[in-house]
Amino acid sequence: AVLAATAGLTLLNGVVAWLVLPGRAGSAPAEDTAEAGPDRWGPLLRAVAFFGVIDLFANLLWAAMEPLVPLYLDRAYEDPTGRAAWVLGIGMLVFAAANPLLARLSHRWRLPHMAGPGLALLGLSCIALSGVVVLAIGLLAMVLFMIGQAYIYLIARNGIQQYGGGSGRAWGIFGMFSDAGLVLGPVIALFLFEAFGTGAFPILGLVSVLAAATLSTAVKARRPRLRPRQREASVAQPLQ
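Calculation rules
- Residues numbered from 1 in each chain as written.
- Predicted model: local features only at pLDDT ≥ 70, side-chain atom pairs only at ≥ 80, totals over all residues.
- Heavy atoms only, no water.
- Core = buried A, V, L, I, M, F, W, Y, C linked by side-chain atoms within 4.5 Å.
- Buried < 20%, exposed > 50% of the residue type's maximum accessible area, 1.4 Å probe, protein only.
- Helix = DSSP H or I, 4+ residues; strand = E, 2+ residues; numbered from the N terminus.
- Contact = heavy atoms within 4.5 Å.
- Expected span 1.5 Å × (residues − 1).
- Arc of directions from axis to C-beta.
- Salt bridge = Lys/Arg side-chain N within 4 Å of Asp/Glu carboxyl O.
- Axes fitted to C-alpha atoms, helices over the stretch in contact; angles between N-to-C directions.
- Left-handed = near helix turned anticlockwise from the far one by under 90°.
- Phe/Tyr/Trp six-rings, centres within 6.5 Å; stacked < 30°, edge-to-face > 60°.
- Parallel < 35°, antiparallel > 145°, perpendicular 65-115°, else oblique.
- Nonpolar A, V, L, I, M, F, W, Y, C, P; charged D, E, K, R; others polar.

## Details of the nonpolar core
Consideration 1: Formed by 53 residues in total, the largest nonpolar core has its most connected members in Met65, Leu68, Val69, Met142, Phe145, Met146 and Phe201.
Consideration 2: Secondary-structure elements contributing two or more residues to this core are α2 (38-74), α3 (81-102), α4 (115-128), α5 (135-163), α6 (168-196) and α7 (200-222).
Consideration 3: Considering each element in turn, this core owes the most residues, 16 residues, to α2.
Consideration 4: Non-local contacts of phenylalanine 201, meaning those with residues more than four positions away in its chain, are made with Met65, Leu68, Val69, Tyr72, Cys126, Ile127, Leu129 and Ser130.

Structure, rendered in structure tokens:
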């Protein structure tokens, strides 16, 4: 029943998008055509890879967190279903609420180098999630984790729009990176849990903090060659 309802809502969402989004009749400007030259591929791929890898890592942590929470609780409670539902459910509510709130931040909070603090917040919240067996700790850690997820979500997608031109090609390659994290996350989570037990969350947290430090250092040292890509006026105007 749940899957059937989800499929129905997804279909409804697709139909509504088809009806209301511009360019659905095939008259949309061919924004990708202007970027087909080989000299355009370098900057595009560099920007997409930069933000794609950031989103891949954030999605990996998210996909790893979802099975780890019930696995942790299963070691402490005979029936962890209720507690896991509270923790994961509150997390999704926080993510849904944080997205529109964080979207109101000024542009300087969306710059590429801010991904470092976002990953650090994810890492610290992962370490805190190792105490998820205590409901209060688990809920607080999940709130921080989902705020970090929403922040990375904002930075990565704003980066693709600003530095990758927001073209279909850029979003397609970016989506390939992002979805890879959702595939790898559960596999890595189960491997860590089987190998290290309740050390899985601290390991993910430490790796995330190290990734944040590495990213921040790289951005400061090299100032990645990411420049805003200007799209054609006919395309940019509707987006504004």
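And the narrative resumes.
## Overview of the side chain of serine 208
Consideration 1: Note on placement: serine 208 falls in helix α7.
Consideration 2: Residue serine 208 is classed as buried on the basis of its relative accessible area of 0%.
Consideration 3: When neighbours within four sequence positions are excluded, serine 208 is seen to be in contact with Phe57, Leu61, Leu119, Leu122 and Gly123.

## A look at the environment of valine 48
Consideration 1: If you trace the backbone, valine 48 turns up in helix α2.
Consideration 2: Those residues in contact with valine 48 that lie beyond four places of it in its chain are Ile160, Ala170, Ile173, Phe174 and Phe177.

## Examining α3
Consideration 1: Between its first and last C-alpha atoms α3 spans 31 Å; for 22 residues at 1.5 Å apiece the expected length is 32 Å, and the two agree.
Consideration 2: The complete set of buried residues in α3 reads Ala84, Val87, Gly91, Val94, Phe95, Ala98 and Leu102. Projection of α3 onto a plane perpendicular to its axis shows the buried side chains occupying an angular sector of 110°, all on one side. For α3, exposure combined with an orientation more than 90 degrees from the buried face picks out Thr81, Trp86, Leu93 and Ala96.

## Things to note about the pattern of salt bridges
Consideration 1: Tallying each qualifying case throughout the model produces one salt bridge.
Consideration 2: Among the ionic pairs, arginine 157 bridges to aspartate 55, the shortest N-O distance being 3.0 Å. Of this pair, arginine 157 sits in helix α5 while aspartate 55 sits in helix α2; the two residues are 102 residues apart in sequence, bridging distant segments of the chain.
Consideration 3: Classification of aspartate 55 as buried rests on a relative accessible area of 2%.

## Details of the packing of α3 against α5
Consideration 1: Packing of α3 against α5 brings their axes to within 8 Å, and their N-to-C directions diverge by 35°. The handedness of the crossing between α3 and α5 comes out as right-handed. Of the residues in α5, those in contact with Arg83, Trp86, Val87, Leu88, Ile90, Gly91, Met92, Val94, Phe95, Ala98, Asn99 and Leu102 of α3 are Leu135, Gly138, Leu139, Met142, Val143, Met146, Ile147, Gln149, Ala150, Tyr151, Tyr153 and Leu154.

## Some remarks on the packing of aromatic side chains
Consideration 1: Applying the stated criterion across every chain, the model contains seven aromatic pairs.
Consideration 2: Between tyrosine 72 and phenylalanine 201 the ring centres are 5.0 Å apart and the planes differ by 50°, which places this aromatic pair in the tilted class. Of the two residues, tyrosine 72 sits in helix α2 while phenylalanine 201 sits in helix α7, which places them 129 residues apart along the sequence. Phenylalanine 201 shares its class with tyrosine 72; the two are buried.
Consideration 3: An aromatic cluster of three or more residues is present, and its members are Phe50, Phe51 and Tyr163.

## With respect to the packing of α5 against α6
Consideration 1: Contact geometry of α5 with α6 gives a least axis separation of 10 Å together with a crossing angle of 155°. By the criterion of interaxial angle, the relationship of α5 to α6 is roughly antiparallel. Here α5 runs over α6; the crossing is right-handed. Within the contact between the two elements, α5 uses Ala156, Arg157, Ile160 and Gln161 and α6 uses Ala170, Trp171, Phe174 and Ser178.
Consideration 2: In terms of residue class, the contact of α5 with α6 is built from five nonpolar, two polar and one charged.

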